Structure formats: structure tokens, C-alpha cells
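Coordinates in review
One-letter residues, chain by chain:
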Amino acid sequence: MAPPLLHLTPHRFLLTRRPGPTRLHHHLRLSLKPLSSSSSPSPPLHGPSLRGGRAPPDNPDPFARAFDLAALRVPAAACAPLERRLRGHLLNWPRVRNVARLPNDQGLLALDLSLPSPPLRHPAGDEPAGPTPAATAVARREKLAREFNARGYLRFPNLARLSRPSPAARKRKERKGDDSGEEATLERVRDKAYVVEVVGEGTDDDDDEWKGLVGEEGFGRGVWRMGPTRLLLLDESYAESSVDELPEAVKDVLDHETQQDGSSAYELIRCQLTLFYNYWPMNEVLEALLPEGVIIPTGFETVGHIAHLNLRDEHLPYKKLIAQVVLDKNKPKIQTVVNKMDAIQNDYRTMQLEVLAGNDSLCTTVIESGLRFQVDLGTVYWNSRLATERQRLVNDIFRNSDVVCDMFSGVGPLAITAAKKVRYVYANDLNPTAVEYLGRNTVLNKLERKIEVFNMDARRFISAIYSSQLVHPVTQIVMNLPNDAAEFLDVFRGILRNNQSRLHCGMPVIHVYGFSKAEDPEHDFHERINAALGENVDSVEMHRVRLVAPGKWMICASFTLPESVAIAQPKYIGG
Ligand SMILES: C[S@@+](CC[C@H](N)C(=O)[O-])C[C@H]1O[C@@H](n2cnc3c(N)ncnc32)[C@H](O)[C@@H]1O
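The rules we used
- Residues numbered from 1 in each chain as written.
- Predicted model: local features only at pLDDT ≥ 70, side-chain atom pairs only at ≥ 80, totals over all residues.
- Heavy atoms only, no water.
- Pairing = 2+ DSSP bridges.
- Helix = DSSP H or I, 4+ residues; strand = E, 2+ residues; numbered from the N terminus.
- Axes fitted to C-alpha atoms, helices over the stretch in contact; angles between N-to-C directions.
- Contact = heavy atoms within 4.5 Å.
- UniProt positions renumbered as here; feature names shortened; annotations may be inferred.
- Buried < 20%, exposed > 50% of the residue type's maximum accessible area, 1.4 Å probe, protein only.
- Polar contact = N/O pair within 3.5 Å; in protein donor to acceptor, adjacent residues only side chain to side chain.

Ordered in space as β8-β9-β10-β11, the four strands form an open sheet in which the pairing is mixed. With one partner strand each, in any of the chains shown, β8 (301–303) and β11 (353–358) form the two edges of the open sheet. Direction aside, neighbouring strands of the sheet carry axes that sit 30 degrees apart on average. Two strands pair when backbone bridges link them, and strand β9 (residues 306–309) and strand β10 (residues 336–340) are joined in this way by four bridges, in the parallel orientation. Considered in β10, the bridge of A307 is made with V337. Packed on one face of the sheet, helix α11 (residues 319–330) meets β9, β10 and β11 and runs near 55 degrees to β11.

Written as C-alpha cells, this is what we have:
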């Protein structure tokens, strides 16, 4: 496994003005120039690391790192049991399968293609090996696939039938232009996370060209007659080992299998594993990109297709670079990356967001508890981190017979989730756009018959609800405006003073949210509640929702509205 990156010198790449190949580079018109790993005197690293391996020459991806490995080439059919048997000796790198498949080694011999074949060397070395072995078709097809042009298909109509791209694929190719050029090859490599190549000795000779592709001794050793093969990548510590230096378990396989079938179908080969930009996790890429000493941004909040960063000041000079990496590493789920520009200060609790990467749309759909919520992050409030808290209220506290009143409902995450369970919901918000989305989300979730939507100031809303004879008696009230909600509690003072016949319906339970930085946040919040109600409420259940900043808790206080408060002299005179 890779050592913790924090122990490494982070700034591994220089930013230069050279145009580069990845979207990251296009986006920033910058290219990353890897420092030579050989210049580093640090001890050899284990596991995949951008500080390990070497930069393959002429590879346009500055994050490409090549690692030498040893592998056992085995018949495909024998691969799974061997993988289990040799597990402790196989490569154990994250996101790299320790079984590799050689390009186009798909056992076309089964299809009995009668293709021309190159002369085959006898396993012993000199005699031709009889009739054309079907395995040669694999290599032929391989070579054709690399040429991939119409001439090749014309010469081998069977192959044309097998390999001709579908009309849709052909159209896609036409749209992109001719993909036989270098550009297209780069594009394909860029899509990959890694490739395994057998290391050959490479001469210009035609046969040798094939050797490099499938392993330097691929022909004439019987392997092709056995159909498709697989590579079992050995642990990196055996990269340079000769057969004698391999662990007994691996040697056993080589010896035993050779003795059994009298051929070299199982063999030790050298290969190169190249890891590309797509392979490296976000933190490793950022670690390489950002200057030493800059904290690596690790997390972000997700709202639908939007990744919402909360960058520190020190990140701002690199904000677009960071955002592009976040986008690249989290596609396709993430399509837009934004950064919060300011603390939330306005009445509607909306954030000022800057789109840093991806598409500009801040309208998205969030799925929470199996319900769908449309949200425009530019104009309404949304916080996915409150999902668990909403679940707590709905699942653990609300009953089916409840009538819920959500005084600060936003686009309805709590109101709509509650409506799935309870008898009826009154949902209100001051922000007309939030109310528009609330209405839309109600319909989207087919709950319009159980929710009534209001667009008022919360105090006026409560006064209206309690003075109306038409509404269902409210049993649960939710006040989620943590900065100020406690101060809104004064609206309940005297709320039933002129309507005491309603007292028999029972008092509602109020769930009010607040922040506290006090040493004893529960005590602090309780004091604020008492002050707003003008009375001491004895029995308040406190629940710590989450730590929103160091030392700052979001708390939910739940209590039954005291009758004495409901019939007291009002403090607030609503209109
Ligand atoms: C913290 S958000 C909570 C929204 C929602 N409960 C949620 O969890 O997504 C507070 C909401 O209160 C609304 N709001 C602010 N002041 C208000 C007021 N005086 N009356 C009613 N709603 C108000 C804001 O527009 C915002 O949507």
C-alpha cells in the first residue's frame, strides 16, 4: 500500500506554459511537468504512488507513471483457481486487477477463422509446428485491430463481420473525425486508468512486433494452442526476480504445470503497468499539484450533480485547478463544481456560489429517502447534511396521526418526507422561489393532497394557522432556522388566548433548532428558549444535530408548548 502522502514532499509537478493533453490542461492552458522520479533520493516506495515508478517517455499524460512488474502468463481457464492459490503473492494495488488480459487475447481460435498465419516455431525451437494453429488468428486479428483500417477488413471479410463497428458507433466516429490518427489514440489512452503491457525486446521484424504485444516468447511455446491466456501480476517485490528467486508457491505452479503438460504454457514474463491520470485518486493528484504546505482539500458536499466546495483562502489561487480535479475524479455523477463565496447572511439562507468547473447549471435534482427534490442552489436553501436529522424526526418522533407545521420549510425536504407518513402538513417559507420549488416538489412526489403550502413570514403564518377554524389541529411544529428560530418562539405566547376551545386538542410539540458556541450548549439554548417564551419550560429534550464549526453545535430542542404560554398575554402582536 502507498505510504501516507502527507509524509511526502508534495509539490511534484511544475506548472509550465506548455499545452498539455488532458482537459485539466486545456481548461487552465497549463501543463504539468513531472519532476524526474530518479532525481529523488528518497527510499523506494511501495504501492502505487505518483512519487514512484517513472514517467514513460513521450507520454502526453504528465501523471502517467510506469512500474515494472513480473507476471505469470497462464491459460485463461486456469486463471481463477491460480488467483486464489497465489493470492498472497499477487499484486495488491487498489483499483488494479491482479489478473490482466492481453489486448484481443479472446480465444478467437474457437471461432475457427482461417486466417493467414506467420510461420510458427516449434516448441523445441526449430521445426514448424504442423497445420496452422488457430491461436495465430488471435495475433493476426490483434495486428489488424491495431491497423484498424478498411483495407484490413476487406482482406479479411470474416473479421470485418466480427469487428465492424455498429452504425451508431460509426456515426459517433464520424462526428469525432478520423480516429486513426495520433489524437484519437491519445484520446483512448486518456480514457483508461491503467494498461498492462508485456515488455518485449522489440525489433523492426514483423514477428517481433507481435512478440512485444503478447510477450517476448509468445509464439512457439504452446501457449497459443491453448487458447486465450491471462497474466497474473505478481507482487511488486518480485519485479526483478528470476524464477529461482520466486516464492515456492509460484515456483510450484511453474514447475508443476510444466511437468504436467510438458509445455511452457505457464511462464514468467516481465511487464509494465502504466497508471494514468484517471487512475490516481483526487487527493494524490491534488497533493502533486498544490504547493508544499497547502492543506489538501479533501471533502465536498454533494447536491445532485453539484459538488459544493468550501475552499480556504489559501486555496483560492488554485480554485479552478482544484475544481477541475474534483470534476474529473467524480464524473459522471458530478457535473458542476462550485465554491461558496461568502458566509450565509441573507434572510433566505441562500449561498453565493461561484461555478468553478463543469456546466453552469445550479438547478439540480436531489434524491433523499426515495423522494425527489428539485433545487436551484442559487436561489434557495438546501443542506444534504441535515438528511439524518430529518429522518430522526420523521421516523422516530412523528406518528401517522400527526399534523405537522413546518414554519421554515425551504423547498420541502422535511415537509415532504413527513407528508409520506403523517396525516397532514402545513409548510411555509418566506422565500417565494423556495415556495415555488416546494409546490413543484409536492407534485413531483405526488403528495399535493397532503400538503398545504404558504408563502409568509413565519410569525404571520403561525398566527394565521391558529386563528383559522378550518385547519387540522397541529400536533408537531418544526422551526428550522437555526440562527433565529428561538427568537420566533414569542409568537406562541397567547396563541390560544382568544381561542381557548382549542385547548382540548392538546398542545403541539415544538422542535426548534439553534446554534450554540457555549461550553454547555444545551443550557445556553434552553435559556434562549425560556427568554423567548417568557416562561421557564421544564421539560426540554435536547439533541445535538451536528458540529457545524469547531466548538459550534447545531441543536434541536423538543418540548410541548406549555398551556400557560399559549394563553398568556401575547408579546408579539401579529398582523
Ligand atoms: C435553514 S433554511 C431551512 C429550510 C428547510 N427546512 C431545509 O431544511 O432545507 C431556513 C428557511 O427559512 C426561510 N425563512 C427565513 N426567514 C423566514 C421567515 N421570517 N419566515 C419564514 N421563512 C423564513 C428561508 O427562506 C429558508 O428557506
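Let us look at the UniProt feature "binding site: S-adenosyl-L-methionine" (unreviewed entry) in the protein chain. When the UniProt feature table is mapped to this numbering, "binding site: S-adenosyl-L-methionine" (unreviewed entry) covers R390, D429, L430, D457, A458 and N480. Position of D457 relative to the elements: it lies in the loop between β16 (451–454) and α15 (458–467). Taking relative accessible area as the criterion, D457 reaches 27% and is therefore assigned partly exposed. In this structure, D457 is in contact with N428, L430 and F488, ignoring residues within four places of it in sequence. A distance of 3.0 Å separates the side chain of D457 from the backbone nitrogen of R459, its partner in a polar contact. The topology assignment puts A458 in helix α15. Sequence-distant contacts of A458, that is, excluding residues within four places in its chain, are made with M407, F408, N428 and F488.

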